[in-house]
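Survey of secondary and tertiary structure
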Amino acid sequence: MALRPVMVNIKALDHSAVGRFWAEALGWSAYSPGVTTYVGPPGGLVWPDPVAVGIDVVPVPEPRTTTKNRVHLDLATTSAAHQAELVARLEALGATPAHVGQGEVPWTVLADPEGNEFCVLEPREIYRDTGPIAAVVVDCADPRAMARFWDEATDWTLHEVTDEQAVLRSAKGVGPYLEFLRTHDVKTVPDRVHLDLLPYPGDDRAAEVARLRALGATDLDLGQGDVPWTCLADPEGHEFCVLAPS
């Protein structure tokens with residue numbers, strides 16, 4: 001049994017507008033299969049066996065707080081010129097500069113139209129083949145503990161573990177990295193951005209959820225009611241959902 005990260009879930013007041021932003025930002029397409037806006041590679045919505053880690057923008061009535069998100073996206077670039085061009089294009093689409101205490105760094109921190117932070121990285125060899133999303137980055141207190149949980153929770157390969165960071169990626173060697181970076185921030189509000197995991201076709205979702213609980217995940221009540229997915233939190237309280245495989 002195994003689970004795979006398949007979507008970055010972003011809550012938004014205007015899911016259509018935020019979905020359009022991310023589709024244009026990534027050069028992908030926006031689909032509206034229901035009440036959410038899904039952003040993924042062109043070619044149609046592939047489900048229940050997605051070929052990339054997409055973005056699902058979900059409408060919510062609550063505006064974003066000023067608290068920095070604990071999960072954000074890093075975007076890849078191929079050259080200094082590409083980085084500058086991408087930043088300019090994103091700002092033209094509605095992104096704004098963001099200040100999260102980064103100081104003088106070679107990457108650019110921006111926020112999407114509803115204030116969700118993300119980074120446009122300088123060219124890095126490690127991200128040359130990830131596609132437009134270089135990494136899904138998660139702030140945490142203990143990267144080693146996160147490595148233990150997420151290495152067992154998913155079928156992704158653990159590439160690096162130190163006191164400062166833990167890095168995973170699909171065993172197929174494609175798509176973005178999942179990176180847990182050590183910070184001293186304390187979680188005070190529910191995450192505005194989280195990961196969605198999906199069992200493989202034919203696997204038992206209930207058995208997977210039970211396995212995650214045994215690894216240290218806890219049940220999470222977000223007021224979701226009777227839904228075909230399960231909301232959980234990892235040992236540090238990062239929210240995530242286990243979706244139905246069909």
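What comes next is a walk through the structure. In this text the structure is predicted, and so the values were computed from the model without any measurement.

**Brief notes about the overall build of the chain**
- Within the chain, the regular secondary structure consists of four helices and 16 strands.
- For the chain, the C-alpha atoms occupy an extent of roughly 50 × 40 × 35 Å along the three principal directions.
- Among the 246 residues that make up the chain, the fraction classed as buried is 48%.
- In the structure as shown, the chain presents an accessible area of about 11200 Å², 55% of it carried by carbon and sulfur atoms.
- Separation between the mean location of the 19 positive side-chain charges and that of the 36 negative ones in the chain comes to 1 Å.

**Remarks on the sheet that holds strand S5 (residues 71-75)**
- One open sheet accounts for eight strands, arranged S6-S7-S8-S5-S9-S12-S11-S10; its pairing is mixed. Pairing within the sheet leaves two strands with one partner each, and these edge strands are strand S6 (96-97) and strand S10 (157-161).
- Note that S5 and strand S8 (residues 117-120) share three bridges and pair parallel. Opposite Leu75, over in S8, you have Val120 as the bridge partner.
- Across the sheet, helix H1 (residues 15-26) is in contact with S5, S8 and strand S9 (133-140); its angle to S5 comes to roughly 30 degrees.

**Thoughts on the nonpolar core**
- Judged by nonpolar contacts, the single largest core of 48 residues is most densely connected at Trp22, Ile55, Leu90 and Phe118.
- Looking at this core, the element that brings in the most residues is H1, giving six residues.
- Residue contacts for Ile55: discarding those within four places in its chain leaves Val8, Ile10, Trp22, Leu26, Thr37, Tyr38, Val39, Leu73 and Ile133.
- Formed by twelve residues, the second largest nonpolar core is a distinct cluster that contains Val109, Leu121, Val167 and Tyr177.

**Looking at the sheet that holds strand S3 (residues 37-40)**
- Pairing is mixed in the open sheet, where eight strands are placed in the order S2-S3-S4-S1-S13-S16-S15-S14. On the outer flanks of this sheet lie strand S2 (29-31) and strand S14 (218-219), each paired with one strand and no other.
- In terms of strand pairing, strand S13 (residues 193-199) meets strand S16 (residues 239-242) through three bridges, oriented parallel. Across the sheet, residue Asp196 finds its bridge partner in S16, namely Cys241.

**Brief notes about H1**
- Compared with the 16 Å implied by 1.5 Å per residue over twelve residues, the 16 Å span of H1 between its first and last C-alpha is a close match.
- Buried residues of H1: His15, Val18, Gly19, Phe21, Trp22, Ala23, Ala25 and Leu26, and no others.
- Count one or two residues on from H1 and you reach Gly27, which has phi positive near 75 degrees.

**Focus: the pairing of strand S7 (residues 108-111)**
- Examined bridge by bridge, S6 and S7 share two bridges and lie antiparallel to one another. When the sheet's bridge partners are listed, Pro97 is paired in S7 with Leu110.
- Sheet topology note: the S7/S8 ladder contains four bridges and is antiparallel. Within the sheet, the bridge partner assigned to Val109 lies in S8 and is Cys119.
- Two successive antiparallel strands, S7 and S8, enclose a turn made up of five residues, where Gly115 displays a positive phi of approximately 90 degrees.

**A closer look at the pattern of salt bridges**
- Per the counting criterion, the structure on display carries ten salt bridges.
- Close ionic contact of Arg64 with Glu117 constitutes a salt bridge, the shortest N to O distance being 2.7 Å. Of this pair, Arg64 sits in the loop between strand S4 (54-59) and S5 while Glu117 sits in strand S8, and the two are 53 residues apart along the sequence. Per residue, the accessibility class of Arg64 equals that of Glu117, and both read buried.
- Note that Asp191 and Arg70 form a salt bridge whose closest N and O atoms lie 3.6 Å from each other.

Criteria and cut-off values
- Residues numbered from 1 in each chain as written.
- Predicted model: local features only at pLDDT ≥ 70, side-chain atom pairs only at ≥ 80, totals over all residues.
- Heavy atoms only, no water.
- Helix = DSSP H or I, 4+ residues; strand = E, 2+ residues; numbered from the N terminus.
- Buried < 20%, exposed > 50% of the residue type's maximum accessible area, 1.4 Å probe, protein only.
- Areas by Shrake-Rupley, 256 points an atom, 1.4 Å probe, with all protein chains shown as cover.
- Lys, Arg positive; Asp, Glu negative; His and termini not counted.
- Charge placed at Lys NZ, Arg CZ, Asp CG, Glu CD.
- Pairing = 2+ DSSP bridges.
- Contact = heavy atoms within 4.5 Å.
- Axes fitted to C-alpha atoms, helices over the stretch in contact; angles between N-to-C directions.
- Core = buried A, V, L, I, M, F, W, Y, C linked by side-chain atoms within 4.5 Å.
- Expected span 1.5 Å × (residues − 1).
- Salt bridge = Lys/Arg side-chain N within 4 Å of Asp/Glu carboxyl O.

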